[in-house]
Amino acid sequence: MARIRPHLDVPVMCAVGAAFDFHSGRVSQAPPWMQDRGLEWTYRIAQEPRRLLPRYLYYNPRFVMAFGKQLLRERRTAPSS
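Residues numbered from 1 in each chain as written. Predicted model: local features only at pLDDT ≥ 70, side-chain atom pairs only at ≥ 80, totals over all residues. Heavy atoms only, no water.

Asks: Explain the overall build of the protein to me, using residue names and the numbers behind them.
Replies: Looking only at helices and strands, the protein has 4 helices and 0 strands in total. If you list the helices and strands of the protein from N to C, you get α-α-α-α. Its C-alpha radius of gyration of 18 Å places the protein more than 25% over the 12 Å reference for a compact globule of 81 residues. Across its three principal directions, the C-alpha atoms of the protein cover 50 × 40 × 25 Å. When burial is assessed residue by residue, the protein has 15% of its 81 residues classed as buried. Look at the contacts in the protein between residues 6 or more apart in sequence, and 3% of them connect residues 24 or more apart. Of the accessible surface of the protein, which amounts to about 7,300 Å², a share of 60% is contributed by carbon and sulfur atoms. Each charge sign in the protein was given a centre, from 13 positive and 6 negative side chains, and these centres are 10 Å apart. (Helix = DSSP H or I, 4+ residues; strand = E, 2+ residues; numbered from the N terminus. Rg over C-alpha atoms; globule rule 2.2 N^0.38 Å. Buried < 20%, exposed > 50% of the residue type's maximum accessible area, 1.4 Å probe, protein only. Contact = heavy atoms within 4.5 Å. Areas by Shrake-Rupley, 256 points an atom, 1.4 Å probe, with all protein chains shown as cover. Lys, Arg positive; Asp, Glu negative; His and termini not counted. Charge placed at Lys NZ, Arg CZ, Asp CG, Glu CD.)

Asks: Lay out a nonpolar patch on the surface with the relevant residues and their values.
Replies: On the surface, a cluster of nonpolar side chains totalling about 420 Å² of accessible area is made up of Phe63, Val64, Phe67 and Leu71. With respect to the helices and strands, the residue Val64 is situated in helix H4 (residues 49-77). Owing to a relative accessible area of 54%, Val64 belongs among the exposed residues under this scheme. (Patch = residues over 30% accessible without salt bridge, like charges linked within 9 Å, V, L, I, M, F, W, Y side chains within 5 Å. Salt bridge = Lys/Arg side-chain N within 4 Å of Asp/Glu carboxyl O.)

Asks: I'd like a description of helix H3 (residues 40-47), backed by residues and values.
Replies: Those residues of H3 lying buried are Tyr43, Arg44 and Ile45. Taken together, the buried residues of H3 touch helix H1 (19-24), helix H2 (32-36) and H4.

Asks: Talk me through the pattern of salt bridges; I want residue IDs and the actual numbers.
Replies: Considering all chains together, one arrives at 3 salt bridges under this definition. The partner of Asp21 in a salt bridge is Arg26, and the shortest N-O contact between them spans 3.0 Å. You can call Arg26 exposed: its relative accessible area is 56%. Among the charged side chains, a salt-bridge network with shared partners connects Arg44, Glu48 and Arg51.

Such coordinate-based values are descriptive only and should not be taken to indicate function.
Laid out in structure tokens, this is it:
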């Protein structure tokens with residue numbers, strides 16, 4: 001979305017992920033027990049490994065690193081109780 005945003009004349013863009021695929025029945029959702037434990041991503045990878053695995057391997061470590069850096073930065077600057 002960030003890459004194509006400059007080419008579109010729209011006030012708002014909203015990512016829905018796989019929501020439309022789930023609701024249309026094109027892609028099955030993980031069983032409730034996997035959803036309850038935060039494991040839906042593993043089910044999704046098993047369903048579409050060629051499409052999702054490279055994406056998850058690239059973006060998830062970047063997200064975790066950015067989150068960790070922000071957390072450390074905020075802990076260093078937080079006032080002591």
